[in-house]
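Chains, contacts and geometry: an overview
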Amino acid sequence: MENRNENILEVSNLSVQLANQTILDNISFELKKGATLAIVGPNGAGKTMFFRTLLNLVPYTGKIVWVDKVKIGYVPQRLSASDIPISVEEFLSFKNANNTENSLKSVGLDSKSILNRSLGVLSGGQLQRVLIAWAIIDKPNVLLFDEPTTGVDLDSEEAIYRMLNELKRENEITVLLISHDLHIVRHYSDQVLALNRCVTFFGKSESIMDEKVQRIVYGEPVCLHPQT
Amino acid sequence: MAETLAFSLIIGISVGFSAGYLGSLMVLEKMALVGDALSHVALPGIALGILFNLPDPLLGGFAFLFVSAVVIWHLGRVTRLSFETIVGAMFTLALAIGILITPEPDLLEALFGDITKVIWLHAVAAVVISVVAILLTRMIYNKVVLGMISEELATSTGVNIARTNLLYLLLVSLVVAIGIKIVGTLLVGFLVVVPAAAARNLSSNLFRYYVLSSIFGSISSFSGILFADYSKAPAGPLVVLAGIAIFLTTVAIKWASKFKPFGL
């Protein structure tokens, strides 16, 4: 049994219904402060909706308790910035105009060369780093990443996750991460939460390489029922 | 006569500036036709203003635009249809009703505007409304842009997108209503679309984009009204032609810079 005082997030009996459809069903788990939780599952399993629920963007039943005094940084799956003439500096200033250079430095970007560039012309890797800079600019203690390396090449992907680990170590950040890449899940997370509307697996990240676990995660959903 | 021209120019510069500023968001939001279509909704209001002998028929147009903005916003929330679709459905009905009930002698003025009848009160109203619209839009500008970039990102930082959109639509209605005085209901959509489109051709950051859009709006109105006074032609079409000339110039500049946004 985990020490309750070390938890940063406690979710119990969380359900979301939209347009008479159950999107998330009776989800319960606890997350320790400073841990990295990977959220996996097939397409349409409700992973992004789960994040939206944690951000309080959709109505839900059940309980979401952020135990610590929490400040959340969020990195969305995709942006629609290609048609908008907005520079990196302007974008970051929307959130915090005083810390733009430091946050870019934290994600390995040279502020001099990138601050005046338009968001729409950045490469996939640069854009993801700018998004992470956006997420950490006001020093959050929780980061939510919705498939942070979609459309990024393999080298950049590894670099982004390495940087994420460093940030996590330096700033004691708790990370929740949605990913389809089991290699990333195995190497860069401590725990795995598998969703398929309900929780189908919750355990240590090493387990995700086990074929039996993968069948549970990506096969017909067999829900784990929370202890009440 | 010189006094009327001065009032016209004051109205033109202030309305062109505010319409250019608000229009910069409309073009980014891919709602370019909303401003155009919304302006037609004012026509039945203007007609009722004439029929009920309001001090200025434009007050009827104001009222109709405001009510329409709220209806469009509410329908958008209920149906999840885009603003453009809803406005598209509403404006043809409004135009048809407007043309049927507007007394014929006033129809041309309502459709194409008439800057020759402006008085000092119109100029003061245009300046005050423009300043208020610009200041209020400034407060929500970044929030609207953030909502365009990512709805989740905006909402996660505390932006209420629905409320922001409603305020923005009301402000557009306000500026469109005073724009009708210069170019009429048929052409006022130009003021919120073309200056912003021209500015987009030359901008790689937001600041340059909305500043240029506002300046292009002002220059279009100013030069169109001046030409109208010189040539004794109606101001509305000349304002549009001046704006289109600016737009074509920016296209040429963009083309000359090898299809890359200017300044990159």
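Definitions and cut-offs
- Residues numbered from 1 in each chain as written.
- Chains lettered and ligands numbered in written order.
- Predicted model: local features only at pLDDT ≥ 70, side-chain atom pairs only at ≥ 80, totals over all residues.
- Helix = DSSP H or I, 4+ residues; strand = E, 2+ residues; numbered from the N terminus.
- Rg over C-alpha atoms; globule rule 2.2 N^0.38 Å.
- Buried ≥ 20, exposed ≤ 12 C-beta atoms within 10 Å, placed from the backbone.
- Contact = placed C-beta atoms within 7 Å.
- pLDDT = per-residue confidence, 0-100.
- Expected span 1.5 Å × (residues − 1).
- Core = buried A, V, L, I, M, F, W, Y, C linked by C-beta atoms within 7 Å.
- Domains from an automatic or database assignment.

**Side note on the overall build of chain A**
Along chain A, the regular secondary structure elements total eight helices and nine strands. For chain A, whose C-alpha radius of gyration is 18 Å, the value lies close to the compact-globule estimate of 17 Å for 228 residues. In terms of overall dimensions, chain A has C-alpha extents of about 55 × 40 × 35 Å along its principal axes. Here chain A, with 228 residues, has 40% of them falling under the buried criterion. Expressed as a percentage of contacts within chain A between residues at least 6 apart in sequence, the contacts between residues at least 24 apart total 69%.

**Structural notes on the overall build of chain B**
If you tally the helices and strands in chain B, you get eleven helices and zero strands. Going from the N terminus to the C terminus, chain B shows its helices and strands as α-α-α-α-α-α-α-α-α-α-α. On C-alpha atoms alone, chain B measures out to a radius of gyration of 18 Å, which is about the 18 Å that the 2.2 N^0.38 rule sets for 264 residues. Based on the C-alpha atoms only, the size of chain B along its principal axes is roughly 50 × 45 × 30 Å. Buried positions account for 55% of the 264 residues belonging to chain B. In chain B, once contacts between residues fewer than 6 apart in sequence are set aside, the share between residues at least 24 apart is 74%.

**Description of the confidence of the model for chain A**
Here chain A shows a mean pLDDT of 83. Residues at 70 or above account for 93%. Ranking the helices and strands of chain A by mean pLDDT puts helix 2 (residues 88–93) of chain A first, with 93, and helix 8 (residues 211–218) of chain A last, with 73.

**Observations concerning unusual backbone geometry**
Residue and element names in this part refer to chain A. Of note, the phi angle at N13 is positive, near 50 degrees, even though the residue is not glycine. Mapping N13 onto the fold places it in strand 1 (residues 7–18). Despite not being glycine, N20 has its phi angle at roughly 60 degrees, a positive value. Inspection of the secondary structure puts N20 in the loop between strand 1 and strand 2 (21–32).

**Let's talk about helix 4 (residues 83–101) of chain B**
Relative to the 27 Å expected for 19 residues at 1.5 Å per residue, helix 4 of chain B spans 26 Å between its end C-alpha atoms, a close match to the ideal helical length. Residues of helix 4 of chain B that are buried include every one of F83, I86, V87, F91, A94, L95 and G98 of chain B, and no others.

**Notes on the nonpolar core**
If you look at the biggest cluster of nonpolar residues, it comprises 150 residues, and the most contacted ones within it are I39 and A133 of chain A together with L22, V172 and V175 of chain B. Ranked by residues supplied to this core, first place goes to helix 8 (residues 161–187) of chain B with 13 residues. Two domains share this core, each providing at least three of its residues, namely domain 1 (1–70 + 143–228) and domain 2 (76–140) of chain A.

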